[in-house]
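Each chain is listed here by its residues.
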Amino acid sequence: MYKPYIKPVFVARPDITVPAPKISKFVLFVCRLFGRIYLFFILGIAKIVLRGGEHIFKAFEDALSGKSRCILAFRHPNGGEPQLIMWYILYKLRSAARKARYRFSRRPHVSFVYGYEVVRWGGGVARWIMPNLGAMPIHHAKMDSVGMDRIFRSLSEGPYPLAIAPEGQVSYTTETVPRLEQGTVRIGFQAAERINKEGKECPVEILPVSIHFRYGKMGKWSLGRLIKKIEKYTGLDNSGQNTGFTGRLERARRYILEQNEKRYGVQGEEGKSFNERVDRIIEKALETAERLLGISPKGKDTIERMYHIRQICWDSIIIPEVKGFNGMPLVERALADLKAGEAWHAGRHMELVDFIWYFRVAVPREDAPLYVKMEYAQNLWDFASRTMGGAYSNRVLNVHPKRVLIQIAPKIDLSARLSDYKKNKKQAIGEAMDDLVSAFQGCIHEAAEYQI
């Protein structure tokens, strides 16, 4: 049995592989049996309300009958959206569509595209369930011709819609659209082009989907408890203070920000806004991670640099192409462990950037809706957690909403824009992206009008 010469903080692990995607009837049965329990107890999801249902009913009716190809583009602000959407489509969509007099030619299903890191940190359950539900992994920061070919083949051949998060990862904010990547639109246009060359009359459509939480009396109680937890960790005593919700969160946010400035040797200049101070921390955190890994900055913007760092970290912790460590000389194994430990520490800086890039939003005012306050408080806790070395896995808090809204926007037909795409790809992609942003903003507006 291998025993490290010096016990490392973190050890290297052999490569993780998952089987080729397929749809397993047994796994579908297990998900049906335990899925609703998981949504309630793990993600805190209560009653689900579908809004704009006619858009998704029509999209699935056409896709399942082979009349169209559909990309379900979903917002991904909290992390649990794929599980929620998958469960609803598998076990509720058909009956809801039937009530609205839509008929599906086969049972509805959807093929999710996910980042390969999910099966690395998600554990054995994720590695078993996801490929057996037809989900397809893809690398963010390096070439993956096998993954891309699988995605194009799934979309071109159908019949099941392809689900992609245009944000690329968890975005931590429901009420704004901070950033979308072009991958979803590019994949759609390229698939439309392939189908057109084959002489098929089969439009490729993007269906925008947005998830929103709404809270009741339990939410108010949970919010107060969460704020007290943040104050406990930051050492801020609110007794005798009459600062209200906004003041309490501003105090905690200022404290956490100052701790990060001390960590990176950044002085908070008088008159600088919170966002300006965060930008300086982001740059210092990226530089620190890149220095620890011995790499140069790679990418056009902050998120691309962060993706690159994440890929290097994971490839140092879970080593690609290594199925096991049997027979490896002990010196090489020890060096691999040390490199994994260095990557883990570099990853702490990356995880901070991953979150605070999206956290540049104002503290809600006293009269803000409860769901806005709740989201901000959860994010403020995440700010404290990332400052302490945490990651997304430390973020999850069991705060049960009273309602979960699945808000659907009208489809975006990419095939109808194919002639424009052939003339000027950049412009056509840009216009489709603008329309996708507008669709998500429309979802936010529509959801805001919902009353419990």
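Residues numbered from 1 in each chain as written. Predicted model: local features only at pLDDT ≥ 70, side-chain atom pairs only at ≥ 80, totals over all residues. Heavy atoms only, no water.

So, unusual backbone geometry
Step number 1: G158 connects to P159 through a cis peptide bond whose omega is 0°.
Step number 2: Looking at where P159 falls in the secondary structure, it is placed in the loop between helix 7 (145–157) and strand 5 (162–164).
Step number 3: The phi dihedral of R101 falls on the positive side, at around 70°, and the residue is not glycine.
Step number 4: Owing to a relative accessible area of 77%, R101 belongs among the exposed residues under this scheme. (Helix = DSSP H or I, 4+ residues; strand = E, 2+ residues; numbered from the N terminus. Buried < 20%, exposed > 50% of the residue type's maximum accessible area, 1.4 Å probe, protein only.)

Overview of the pairing of strand 2 (residues 69–74)
Step number 1: Within strand 2, 6 of the 6 residues are buried, which leaves the element mostly enclosed by the surrounding structure.
Step number 2: What you see with strand 2 is no split at all: R69, I71 and A73 on one side and C70, L72 and F74 on the other are buried throughout.
Step number 3: Inspection of the sheet shows strand 2 paired to strand 6 (residues 204–214) by 6 bridges, in the parallel sense. Bridging across to strand 6, L72 finds its partner in L207.
Step number 4: Bridge analysis of strand 2 against strand 5 gives 3 bridges, and the strand direction is parallel. In the strand pairing of strand 5, I71 is matched with L162. (Pairing = 2+ DSSP bridges.)

Description of the packing of aromatic side chains
Step number 1: Counting across every chain of the model gives 16 aromatic pairs.
Step number 2: Aromatic side chains Y172 and F355 sit 5.2 Å apart centroid to centroid with 80° between the ring planes, which places their arrangement in the edge-to-face category. Of this pair, Y172 sits in the loop between strand 5 and helix 8 (183–197) while F355 sits in helix 13 (residues 330–356), and the two are 183 residues apart along the sequence.
Step number 3: For Y172, a relative accessible area of 2% gives the class buried.
Step number 4: Between W357 and Y358 the ring centres are 4.9 Å apart and the planes differ by 75°, which places this aromatic pair in the edge-to-face class.
Step number 5: W357 gets classed as buried once you look at its relative accessible area, which sits at 17%.
Step number 6: Following the ring pairs from residue to residue traces out a cluster consisting of Y172, F274, F355, W357, Y358, F359, Y376 and F383.
Step number 7: Looking at R214, its charged tip hangs above the ring of Y371, at a distance of 3.5 Å from the centre.
Step number 8: Sitting over the ring of F325, R333 keeps its end group 4.3 Å from the ring centre. (Phe/Tyr/Trp six-rings, centres within 6.5 Å; stacked < 30°, edge-to-face > 60°. Lys NZ or Arg CZ within 6 Å of the ring centre and 35° of its normal.)

A short note on a nonpolar patch on the surface
Step number 1: On the surface, a nonpolar cluster with roughly 860 Å² of combined accessible area is contributed by F26, F29, L33, F34, I37, F40, F41 and W128.
Step number 2: The residue L33 is located in helix 1 (residues 25–41) in this model.
Step number 3: Taking relative accessible area as the criterion, L33 reaches 48% and is therefore assigned partly exposed. (Patch = residues over 30% accessible without salt bridge, like charges linked within 9 Å, V, L, I, M, F, W, Y side chains within 5 Å. Areas by Shrake-Rupley, 256 points an atom, 1.4 Å probe, with all protein chains shown as cover. Salt bridge = Lys/Arg side-chain N within 4 Å of Asp/Glu carboxyl O.)

What to know about the nonpolar core
Step number 1: L72, L380 and F383 are the most contacted members of the largest nonpolar core, which totals 106 residues.
Step number 2: With near-sequence residues (within four places) excluded, L380 lies in contact with I230, L249, A252, R253, I256 and F359. (Core = buried A, V, L, I, M, F, W, Y, C linked by side-chain atoms within 4.5 Å. Contact = heavy atoms within 4.5 Å.)

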